[in-house]
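# Residue-level structure breakdown
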Amino acid sequence: MSRLGDWLAGWQRQRWLARLREPRFAGLVATPPPGEYVSLDCEMSSLDPRTAEILSIAAVKVCGRRIALSGHLQLLVRPSGPIAASSIPIHGLRTQDVAGGLPLREALAQLLDFIGPRPVLGYYLEFDLAVIDRALRPWLGVSLPNRRIEVSALYYARMVHAYRPDVDLSLESMLATLALPQLPRHDPLNDAVLAALIFLKLQGQGIPGRP
Amino acid sequence: MSSNFDFSHSPFDTLTPAERAHVADALDILYYPAHSDILAPGDEVTQLYVVMKGLVEERGEHGTVFYAANDVFDSRALVSGTAGIALQATEDTLLWQIPREVILAITRSNAVFAAFFYDDVARRLATLAHKPYRQEQAALMLLRVSQCPYRPPCWLDHNATVITAARTMQQEHVTAVLVRGARGTGIFTQSDLRNFVIDGLDPHTEPVEWHANYGLIGIEDDDFLHQAMLLMVRHTIQRLLVTRQGEICGILEQVDLLSCLANNPHTVTGSLERATSLVELRAAATSMAQLVVQLHGNGMKVTLIAELVSELRQKLLSRLFTLLAPPGMLEQVCLLVLGSEGRGEQILRTDQDNALIVADGYDHPQLAEVCERFTAELLAMGYPPCPGGVMLNTPQWRRSVSDFRRQINAWTGEASGEQLLQLAIWIDARPVCGNATLHAGLDAHLRRWLADNDAFLARFAWPIEQFEPPLSLFARLVTAAGEHGELLDLKKGGIFPIVHGIRSLALQYKVVQSNTYQRIEKLRGLPVLPDALASDVAEALAYLQGLQLRHGIRLEAAGQRADNLIDPRTLSTLERDLLKDALGVVKRLRLALRHHFRLGAL
């Protein structure tokens, strides 16, 4: 990174720390361990980012070529309001299913500890992070500072071509094109693993030999 | 999480739900782009790898092997902790990885799973190969006599009369009583009682010991039930004395044994022996074929099936010849089974291999006709003719004693390939019917001639050099790319080198047994066949014959003729792994024999 870039990043970090109301989350802006990422997926109570509430969160670390599935994070969250009836068939979570879930801030605290300073990656990550940030700002005074990697954008950049401007960004199509296994969908952990697989595969050429 | 890992493949299908949960919790996923190295020799191995998607290539001493989805690779490196071979991703590959300590912990509690990781080929083959198709019945054949509800013996005094014996049988609900008489321990059964009544003797005065049988056949109570079954089949008896450290402790009745074993070879034996017409004999032959399929389906080990079936088949041949032969002929001839049939290793009806020795100077106008009918009847029962014409209806395999002696001299003199193979077939001969001394004389003649003739033995052993174990075939096991239609000949590539190699050693060391497993036991411990190699060879042969049997049963079920050609792509990873193990043993045996017989110098 250029010196100006370094300076800018440092300035942003300082500004973020100054606004942060809970010092225990200062680690989010530390230097990330090299080659480590966190793939994230949430199930929401609706599809409107202004009102949607988080019902479940799954995250899995990517370390080099390894998806650390065994150390994954998976949390159920108790929403404050009702779950949109139209979303229930998609994620399969009814009000009684999440009644035993964690309070939102407790779940988010665990998620932030899990993510640490690592870049966050996901599929249509923007929506998930918008909802997360909506919860973080009134509580911590800040948004999630981590670098964000949208796997569909990586995929688009790889696939787009002057003669083929339309790229099918559906998850099924991406998995099929990349010859990745189709895991059962709308299980947030599976979705997080799939995003991690797409990321690793698109990064493929960049990964050196044996661990 | 509800795991995406597929537990339906070997060896994970042997895990209990709790063990599966342990594995599921410990899984990580690895991504390797095409052409990247996964392991190199000497790398520390801390994980077990299972292919999730993609293709992994192993370049080892046996050529290149490929692993595809659900295959486990380098399982043995996991035990040693160090990679022995190079592994590379052929295409973009995703792997599951399971930490070594999780796998090792499970191997301590789950023996079948553990066997997958054994380094010892014989143990691996013995534990894994004999995996029954219907697991719940597998234990049956391993039952011991003590687990069968046999009855305690009913003893009578030596001065007891027959009427006392009859009353005891009635009161105690037994079908036989034991008596300690002047001639030792005897048994008096219901059929003895029946014969007694027919003879019209006085039951109130005749001592039972005069009418008892003293040729008692017993079995130890910690012997396996199948041995009891074999004894009953062999001696055509309905009960055995059960002994514990030599002391009689009960009587095992056929009905008790049958109630223990769902399978029922006895009805087949019974119908073979009762057959008084060819029609009845044919029916018995059909039920024999069904029995093989049933025993195999029940998970009985192939060597045990072979033992049982060859007993039955020899009875069938003996019965058939006896039915066809005119009076007086049996004393003058000896019916032999040859080759695999003689070794007791032919399970399916692959072909007829038989011969007839005729006493010098004997001739009967119907002799040729009897032999023709014998061959035709076997054909009708589903035994195809021997492609090499080794059948007693050909003049070459129906000769007088002195004719055969000349033939043996010719075989041993010329030592051309064809002659050697005929001699090999002859060496495995077993007499099944008629006058066995005719065969014994010829056998002694052959062995006298062979004694210490090392040069001949080397030529005899030489054909094992002809067929290279087809290990290179595994190189073509690429999932989809292997459309070469390459088939593996189990017989040439694996079974023949073992059988012939062991046969050559048996000849040299004057082992009289014709069964390969029995020969191996006799040869075990010689410098050329040390203990470990002997066990490996026996298990490898059992595995190969098991594959051959299953393949044959499949073909026969589809209405095709059994052959020995297996498509390695139809095997599961485990079967392929074990096949590779078995062929590796064949290779080791060949090397040992090459050195022993100095075949390289020929």
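Residues numbered from 1 in each chain as written. Chains lettered and ligands numbered in written order. Predicted model: local features only at pLDDT ≥ 70, side-chain atom pairs only at ≥ 80, totals over all residues. Heavy atoms only, no water.

## With respect to the overall build of chain A
For chain A, the count of helices and strands is eight helices and five strands. Here chain A, with 211 residues, has 49% of them falling under the buried criterion. Pairs at least 24 residues apart make up 65% of the contacts formed inside chain A by residues separated by at least 6 positions. Accessible surface computed for chain A: about 10500 Å², of which carbon and sulfur atoms make up 56%. (Helix = DSSP H or I, 4+ residues; strand = E, 2+ residues; numbered from the N terminus. Buried < 20%, exposed > 50% of the residue type's maximum accessible area, 1.4 Å probe, protein only. Contact = heavy atoms within 4.5 Å. Areas by Shrake-Rupley, 256 points an atom, 1.4 Å probe, with all protein chains shown as cover.)

## So, the sheet that holds strand E12 (residues 218-220) of chain B
All names here are of chain B. Judged by pairing direction, the sheet is mixed, and its three strands sit side by side in the order E12-E13-E14 without closing on themselves. In this open sheet, the two edge strands, each paired with only one partner strand, are E12 and strand E14 (247-253). Averaged over all neighbouring strand pairs, the angle between strand axes comes to 35 degrees, with direction disregarded. In this structure, E12 lies alongside strand E13 (residues 239-244), joined through three bridges in parallel fashion. (Pairing = 2+ DSSP bridges. Axes fitted to C-alpha atoms, helices over the stretch in contact; angles between N-to-C directions.)

## Some remarks on the pairing of strand E10 (residues 176-181) of chain B
Residues and elements named next belong to chain B. Most of E10 is tucked away: five of the six residues are buried. Inspection of the sheet shows strand E9 (residues 155-156) paired to E10 by two bridges, in the parallel sense. Bridge pairing links Trp 155 to Leu 178 in E10. The parallel pair E9 and E10 is bridged by helix H6 (residues 162-172), and the resulting crossover is right-handed. Summarising the sheet, E10 and strand E11 (residues 184-189) pair through six bridges and their orientation is antiparallel. The partner of Ala 176 across the bridge, within E11, is Thr 189. Taking the residues that link successive antiparallel strands as the turn, the E10-E11 hairpin has two residues. (Right-handed = clockwise from strand over helix to strand, strands pointing away.)

## Examining helix H19 (residues 490-508) of chain B
Residues and elements named next belong to chain B. For H19, which comprises 19 residues, the first-to-last C-alpha distance of 26 Å matches the rise-based estimate of 27 Å (1.5 Å per residue) to within 8%. Helix geometry: H19 is bent most strongly at Phe 496, by close to 40 degrees, with proline Pro 497 lying one to four residues after it. Counted residue by residue, H19 has 17 buried out of 19 residues, so it is predominantly covered. Its side-chain oxygen 2.9 Å from the backbone nitrogen of Lys 491, Asp 489 forms the N-cap of H19. Phi turns positive one or two residues past the end of H19, at Lys 510, with a value near 55 degrees. (Expected span 1.5 Å × (residues − 1). Bend = angle between axes of the 7 residues up to and from the residue. Polar contact = N/O pair within 3.5 Å; in protein donor to acceptor, adjacent residues only side chain to side chain.)

## Some remarks on the interface of chain B and chain A
The extent of an interface is frequently quoted as the accessible surface area lost upon association of the parts. Contacts between chain B and chain A engage 22 residues on the former and 23 residues on the latter. The contact between chain B and chain A buries some 1900 Å² in all, and 62% of this surface belongs to carbon and sulfur atoms. On inspection of chain B and its partner chain A, the count reaches two salt bridges. The tally of links from chain B across to chain A stands at nine residue pairs in polar contact (both at pLDDT 80 or more). Residues belonging to the side of chain B that touches chain A are distributed by class as follows: 14 nonpolar, two polar and six charged. In the sheet, strand E3 (residues 66-76) of chain A pairs with strand E1 (residues 28-32) of chain B via two bridges, with the strands oriented antiparallel. From the neighbouring strand, Arg66(A) faces E1(B), where its bridge partner is Leu30(B). (Buried area = accessible area lost by both parts, 1.4 Å probe. Salt bridge = Lys/Arg side-chain N within 4 Å of Asp/Glu carboxyl O. Nonpolar A, V, L, I, M, F, W, Y, C, P; charged D, E, K, R; others polar.)

## Overview of the pattern of salt bridges
In the structure shown here, the tally under the stated rule is 20 salt bridges over all chains. As a salt-bridge pair, Lys201(A) and Asp92(B) come within 3.0 Å of each other at their nearest N and O atoms. Here Asp92(B) lies in the loop between strand E7 (86-89) and strand E8 (93-99) and Lys201(A) lies in helix H8 (residues 188-203), a pairing that spans two chains. Taking the relative accessible area as the measure of exposure, Lys201(A) reaches 13% and is therefore buried. What makes Asp92(B) partly exposed here is its relative accessible area of 25%. We note a salt bridge from Arg524(B) to Glu521(B), for which the minimum N-O separation is 3.0 Å. Look at the salt bridges and you will find they share partners, linking Arg343(B), Glu345(B), Asp428(B), Arg503(B) and Arg519(B) into a network.

## Things to note about the pairing of E8(B)
Residue and element names in this part refer to chain B. Burial runs high along E8: seven of the seven residues are buried. Here E8 shows two buried faces, one formed by Thr 93, Leu 95, Gln 97 and Pro 99 and the other by Leu 94, Trp 96 and Ile 98. One ladder, built from five bridges, connects E1 with E8; its direction is antiparallel. Within E8, the position partnered with Leu 30 by the bridge is Leu 95.

## A look at unusual backbone geometry
All names here are of chain B. A positive phi angle, near 75 degrees, is found at Asn 70, a position not held by glycine. Note on placement: Asn 70 falls in the loop between strand E5 (63-67) and strand E6 (72-73). The class of Asn 70 is partly exposed, set by a relative accessible area of 21%. The phi angle at Lys 510 is positive, at roughly 55 degrees, despite the residue not being glycine.

## A short note on the packing of helix H12 (residues 302-324) of chain B against helix H14 (residues 367-380) of chain B
For any two helices packed against each other, the geometry is given by the interaxial angle and the distance between the axes. All names here are of chain B. It is at 10 Å that the axes of H12 and H14 come closest, and there the two elements cross at 140 degrees. Judged by the inter-axis angle, H12 sits oblique to H14. Like other packed secondary-structure pairs, H12 and H14 cross with a definite hand, here right-handed. Contact with H12, carried on its side by Leu 317, Leu 320, Phe 321 and Leu 324, involves Val 370, Arg 373, Phe 374, Glu 377 and Leu 378 of H14 and no other residues of that element. Here the contact of H12 with H14 is built from residues that sort into seven nonpolar, no polar and two charged. (Parallel < 35°, antiparallel > 145°, perpendicular 65-115°, else oblique. Left-handed = near helix turned anticlockwise from the far one by under 90°.)

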